[in-house]
Amino acid sequence: MKNNKHILSILVDNQPGVLSRIAGLFSGRGYNIESLSVAQTAENSKLSRITLVTTGDEQIMEQIKKQLHKLINVITVNDLTDKKYVERELILIKVNARTDLRAEILRIVDIFRCRVVDVGPDHYTIEMSGDEGKMEAFVDLLRPMGIIETSRTGSIALPREQKKQK
Amino acid sequence: MKLKGAEILIKMIREQGVDTIFGYPGGAVIDIYDTLHKTPELRHILVRHEQGAVHAADAYARAKGSVGVALVTSGPGATNTVTGIASAYMDSVPVVVFTGQVPTALIGNDAFQEVDIVGITRSCTKHNYLVKDPLKLARTIKEAFFLATTGRPGPVLVDLPKDIMAAMIEFEDPGEIDLISYRPTYHPNKKQLGKVVRLIKQARRPVILTGGGVVLSKASQELTRLALMTRIPVTSTLMGLGTFPGSHPLWLGMLGMHGTYRANMAVSECDLMIAAGVRFDDRVTGRTDKFASKSKIIQIDIDPTSIHKNVEATCPIVGDCKNTLTLINQMLEKECLEISRAGMEGSVTEESGMEGSVTEKAGMERSATEEAGMEGSTTEEAGMEGSTTEEVCMEGPGMESGISCIQGNPGERDAWLDQIARWKAASPQRFEQGPDVIKPQFVVDTLHKLTCPVSDKRLSNGASDETSSKEGLAQGGDSAGRPQTIITTEVGQNQMWTAQYYLFDKPNHFITSGGLGAMGFGLPAAIGAKAACPEKLVVCVAGDGSIQMNSQELMTSIEAKLPVKIVILNNRYLGMVRQWQELFYDRRYASTNMEMSPDFVKLAQAYGAEGFRTDRVDEVESVLKKGLETPGTVIMEFIVEREECVYPMVPAGGAISEMLLV
Ligand SMILES: Cc1ncc(C[n+]2csc(CCOP(=O)(O)OP(=O)(O)O)c2C)c(N)n1
Ligand SMILES: [Mg+2]
């Protein structure tokens, strides 16, 4: 069976220890976490949303979802993979910005519609968001300039609103 | 109303109907013990090691069919509970463990006797809590009991900082517990049940597999009813033993690594498996791709994660076993009634032939029923609330003639049962007791004869093909005078021989550490079971190695006046490991020799218990009799054949049809 990438949106009680239960479940059962992002939801401070990217064949994914659901603090588990959804990641990149490179970097920033959020004599820090593909393309273009450091969130995602059927 | 934190704890425990808790004090729980001291209604049993407290609470819960409670101090008290918790977790036993914790202000400071027990037990509890807010204390305790006992049960741990136990707190009854994130599915999907009825009617070679979930949901009667009504043979996991009477003709014996030949063959050849409350552990399935590979599988479980985990189910049903089996039985009964009514209204000439065969079938069924009727009395005695076979098979008038419609094609079913009888004849589960050295199986077999209800004639006669039973052992006794017997075991060969040769007729009477296989379980478990059921005889079947893991609990048994009988099968080996070394490691007995053991008779005496020992075949029965009759806690040590192996055996990872037979 194929090991496919899945993006899970998990609604949990906003309580200490919940993240550790989820992380423990993945490590204890030998599942893989590719990326993870967590924050309290804006609509209800008692809840947090975890967006987790993992891989597994069909049978493993079924177990992962059921095991997650079995955790007492987990309220819903939504596998967005086969649904319509919007996904974003955010990356901050500090890149070498010698005078001879600056114009080129700014051009790339412009093409990707992202922005420079910090400037120094030798560097730019660029903020950019998008899906994974866009992010990788962007990083690849900057690599030759010399990337100093990066910080990147995991994916966050929400399903698209279903169109009402007439 | 203001109450001390510790008072709230005790109040909430008592509300659960728990009359006994098991524990060990320490600095962090001293306030709780102070309150307990003033609460004589709640009995506290002082164990000698915290592991024993949890095993005892586990067995208390299982013997009583309710929840068990353990109470220990912080740090080392808490870490000592981990094995007990893990065992209860693997066997889904409702246990609530309360651990003391350092005062909230000190948490995280590496304070004296501080451990992060919530972190440590996260992966072996159903859920756990650290109470930091005194106002949430009552609710948390109630939630803990609610989670432990509902859905798929399991252990829940509550960590209680010392300052919270000492604080005066405004007590507010937490009311009903309702958690949005926790809604176990008790009621099965009706559409799936229709499929089950169809599958049962079409099956040519069906088998029922019963497991611990049937014990937990108290569905043994419903399961038995299903089997008898449909004439489907029954096998069981280790945890399911007793949910179907071990003395019944439809009983196949245990399944799996040390299952009977006929059970393993029947599962390998069946075309329909009805699995209730099982999780398809590797010790049961062996190689999963060869497990029931010719079969459709109906799997009933309250925990969705048990389904499609190891074995693919054709017809998965998420639901409580009792509810589900009740509904299936009702649907099957309805089928029978409809068919028999249709039969009565049908045209005489054409139908008469068929009718004839139906009647014949019903006649056969009646004789089967009669046969089982003998069982009926056993079962009734056993307290299985009047599930006589007659009642089981023939609900309404007119059901007899319809019953065959749910028993598949009569010829095919007979052929299937014949095939099973042939497997049984080809390789019965048996041992041969010679004149010289005691066979461990003989001890278990004799123990069974001495403690099973006697009125069941087939046990002393008909079962002799199963064992090399000496007839008449059990005769002369009267079941009316005999208490019911709960058997606990240690782990290893002793455990497997007990599972094989002690035929359990009712649930909650066989208590063993199944999923974890924790040596040291048997003795504290026996004490817990005795606390739950003081009127019953409690016997722990032990190995010479395992008994040494918690033998300190002898003192608990004596001090608490909870007399238990311990049967040690002393092979002077860590026998089960030695067996693997013999079979798969060229007899290199690395570190499994246990010739150095204490004198168990003197050990018993040192604690103030009685001790008997024999190495003579002709004394097995008399020593057992004497030991069982002697009041108080007794050790009976049997010096048995050193290199006896448990057979049949499926080598780990092999197909269950490929057994080593002797
Ligand atoms: C706590 C623990 N440690 C180790 C084991 C591994 N183990 C399984 S069976 C067994 C041998 C048990 O020996 P004994 O109690 O004498 O029983 P026998 O098999 O000889 O009947 C061992 C060491 C275990 N199950 N539990
Ligand atoms: Mg031994």
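1. Section: the overall build of chain A
Of regular secondary structure, chain A possesses 4 helices and 9 strands. Element order for chain A, N to C, with α for helix and β for strand: β-α-β-β-α-β-β-α-β-β-α-β-β. Each of the three principal axes of chain A carries a C-alpha extent, and together these read 55 × 45 × 40 Å. Classification of the 166 residues of chain A by burial places 40% in the buried group.

2. With respect to unusual backbone geometry
Residue and element names in this part refer to chain B. Note the cis peptide between Tyr 647 and Pro 648, where omega equals 0°. Tracing the backbone shows Pro 648 in the segment after strand 20 (634–639). The phi angle at Ser 92 is positive, at roughly 50°, despite the residue not being glycine. With respect to the element layout, Ser 92 can be found in the loop between helix 5 (82–90) and strand 5 (95–101). Ser 92 sits in the buried class, given a relative accessible area of 6%. Notably, Arg 572 is not glycine yet its phi reads approximately 55°, a positive angle. For Arg 572, the location among the structural elements is in the loop between strand 18 (565–570) and helix 24 (575–584). Using a relative accessible area of 23% as the deciding quantity, one classes Arg 572 as partly exposed.

3. Some thoughts on the sheet that holds strand 17 (residues 537–543) of chain B
Spatially, the 6 strands line up as an open sheet ordered 16-15-17-18-20-19 (chain B), and their pairing is parallel. The open sheet is flanked by strand 16 (510–511) and strand 19 (610–614) of chain B, the only strands paired with a single partner.

4. Considerations on the interface of chain B and chain A
Taken together, the contact pairs 16 residues of chain B with 14 residues of chain A. A salt bridge links Lys 70 of chain A to Asp 303 of chain B, with the shortest nitrogen-to-oxygen separation between them at 2.7 Å. Our enumeration of links across chain B and chain A arrives at 10 residue pairs in polar contact (both at pLDDT 80 or more).

5. Observations regarding the domain arrangement of chain A
Residues and elements named next belong to chain A. Splitting chain A by domain gives domain 1 (4–83) and domain 2 (86–158). The gap between the C-alpha centroids of domain 1 and domain 2 is 29 Å. Of the residues lining the interface, 10 residues belong to domain 1; the matching set on domain 2 comes to 7 residues. Both faces considered, domain 1 and domain 2 share a buried interface measuring about 570 Å² in area, 56% of it formed by carbon and sulfur atoms. Linking domain 1 with domain 2 are 3 residue pairs in polar contact (both at pLDDT 80 or more), by the criterion used here. Listed by contribution, the elements that provide at least two residues to the side of domain 1 that touches domain 2 are strand 1 (4–13), strand 2 (35–40) and strand 3 (47–56).

6. Section: a positive patch on the surface
A surface patch of positive charge is lined by Lys 84, Arg 88, Arg 113, Lys 134 and Arg 160 of chain A. Its place among the elements puts Arg 113 of chain A in the loop between helix 3 (99–111) and strand 6 (115–119).

7. Points about the coordination of the magnesium ion (ligand 2)
All names here are of chain B. Within the protein, the magnesium ion (ligand 2) binds to Asp 544 (OD), Asn 571 (OD1) and Tyr 573 (O); these donor distances fall in the range 2.0 to 2.1 Å. Donor residues binding the magnesium ion (ligand 2) come from one chain and are separated in sequence as D-x26-N-x1-Y. Here Tyr 573 lies in the loop between strand 18 and helix 24 and Asp 544 lies in the loop between strand 17 and helix 23 (553–559), a separation of 29 residues in the sequence. When its relative accessible area of 1% is taken as the criterion, Asp 544 is described as buried. For Tyr 573, a relative accessible area of 7% puts it in the buried group.

8. Structural notes on the packing of aromatic side chains
Residues and elements named next belong to chain B. Counted according to the given criterion, the structure contains 14 aromatic pairs over all chains. Taking 5.4 Å as the distance between ring centres and 80° as the angle between the ring planes, the aromatic pair formed by Phe 431 and Tyr 501 counts as edge-to-face. In this pair, Phe 431 sits in the loop between helix 18 (410–426) and helix 19 (440–451) while Tyr 501 sits in helix 21 (residues 493–501), placing the two residues 70 residues apart along the sequence. Take Phe 431 and Tyr 501: they sit in the same class, and that class is buried. Centroid distance Trp 580 to Phe 584: 5.9 Å. Interplanar angle 80°. Geometry classified as edge-to-face. A residue pair is termed a helical-turn pair when its members lie 3 or 4 positions apart in one helix, as Trp 580 and Phe 584 do in helix 24 at 4 residues. Linked through ring pairs, Phe 431, Phe 442 and Tyr 501 together constitute an aromatic cluster. In this arrangement the basic side chain of Arg 578 is found over the ring face of Tyr 573, its NZ or CZ atom lying 5.4 Å from the centre.

9. Quick word on the nonpolar core
Note on soluble globular proteins: their nonpolar side chains tend to be buried together. Residues and elements named next belong to chain B. In terms of nonpolar packing, the biggest core is built from 97 residues, with Met 273 and Phe 638 touching the most fellow members. Leaving out residues up to four positions away in the same chain, Phe 638 has contacts with Ile 438, Val 443, Val 567, Ile 568, Leu 569, Asn 570, Thr 614, Val 620, Val 623 and Leu 624. Core analysis: the next-biggest nonpolar cluster, separate from the first, contains 88 residues, Ile 10, Ile 32, Leu 137 and Phe 521 among them.

10. A word on the sheet that holds strand 2 of chain A
Residues and elements named next belong to chain A. Read across the open sheet, the 4 strands follow the order 2-3-1-4; overall the sheet is antiparallel. Strands at the two margins of the open sheet, each flanked by one partner only, are strand 2 and strand 4 (74–79). Strand-to-strand twist of the sheet, defined as the mean angle between neighbouring strand axes without regard to direction, takes the value 20°. Direction of pairing for strand 2 relative to strand 3: antiparallel, over a ladder of 6 bridges. What sits directly across from Gln 40, in strand 3, is Ser 48.

Reading the values: the criteria
Residues numbered from 1 in each chain as written. Chains lettered and ligands numbered in written order. Predicted model: local features only at pLDDT ≥ 70, side-chain atom pairs only at ≥ 80, totals over all residues. Heavy atoms only, no water. Helix = DSSP H or I, 4+ residues; strand = E, 2+ residues; numbered from the N terminus. Buried < 20%, exposed > 50% of the residue type's maximum accessible area, 1.4 Å probe, protein only. Pairing = 2+ DSSP bridges. Contact = heavy atoms within 4.5 Å. Salt bridge = Lys/Arg side-chain N within 4 Å of Asp/Glu carboxyl O. Polar contact = N/O pair within 3.5 Å; in protein donor to acceptor, adjacent residues only side chain to side chain. Domains from an automatic or database assignment. Buried area = accessible area lost by both parts, 1.4 Å probe. Patch = residues over 30% accessible without salt bridge, like charges linked within 9 Å, V, L, I, M, F, W, Y side chains within 5 Å. Areas by Shrake-Rupley, 256 points an atom, 1.4 Å probe, with all protein chains shown as cover. Lys, Arg positive; Asp, Glu negative; His and termini not counted. Charge placed at Lys NZ, Arg CZ, Asp CG, Glu CD. Donors = N, O, S within 2.8 Å, 3.2 Å for Na, K, Ca; no water. Phe/Tyr/Trp six-rings, centres within 6.5 Å; stacked < 30°, edge-to-face > 60°. Lys NZ or Arg CZ within 6 Å of the ring centre and 35° of its normal. Core = buried A, V, L, I, M, F, W, Y, C linked by side-chain atoms within 4.5 Å. Axes fitted to C-alpha atoms, helices over the stretch in contact; angles between N-to-C directions.

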